[in-house]
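# Structure at a glance
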Amino acid sequence: MPLTPPPHGSVRSSVELNDRIRGLWLRAGGRLTPEQRREYEQLVTEWAAAVRAEMVRAA
């Protein structure tokens, strides 16, 4: 499943992003193609930003 950015101004939760990351690894069988690697890197970057944002909101 190619990475689809969230609608403008919308942010996906760290839980949703973690699920997408796990699903990507499961579908890939543990070996990512170059395209999947790019998707993984984008998801991890977005996940890290979501975690930071959630921590700020919780503080």
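Basis of the calculations
- Residues numbered from 1 in each chain as written.
- Predicted model: local features only at pLDDT ≥ 70, side-chain atom pairs only at ≥ 80, totals over all residues.
- Heavy atoms only, no water.
- Helix = DSSP H or I, 4+ residues; strand = E, 2+ residues; numbered from the N terminus.
- Expected span 1.5 Å × (residues − 1).
- Buried < 20%, exposed > 50% of the residue type's maximum accessible area, 1.4 Å probe, protein only.
- Contact = heavy atoms within 4.5 Å.
- Phe/Tyr/Trp six-rings, centres within 6.5 Å; stacked < 30°, edge-to-face > 60°.

### Brief notes about helix α1 (residues 14–28)
Every α-helical turn comprises 3.6 residues, leaving residues that sit three or four positions apart pointing alike. When the terminal C-alpha atoms of α1 are compared, their 21 Å separation across 15 residues agrees well with the 21 Å that a helix rising 1.5 Å per residue should span. Among the residues of α1, Ser 14, Leu 17, Arg 20, Ile 21, Gly 23, Leu 24 and Ala 28 are the ones counted as buried. At its buried positions, α1 is contacted by α2 (34–58). One or two positions beyond α1, positive phi appears at Gly 29, with a value near 70 degrees.

### Describing the packing of aromatic side chains
To describe a pair of aromatic rings, you give the distance between the ring centres and the angle between the ring planes. Overall, the coordinates contain one aromatic pair when judged by the stated rule. Residues Trp 25 and Tyr 40 carry aromatic rings whose centres are separated by 5.5 Å and whose planes lie at 80 degrees to one another, so their mutual orientation is edge-to-face. You can see Trp 25 sitting in helix α1 and its partner Tyr 40 sitting in helix α2, a full 15 residues away along the chain.

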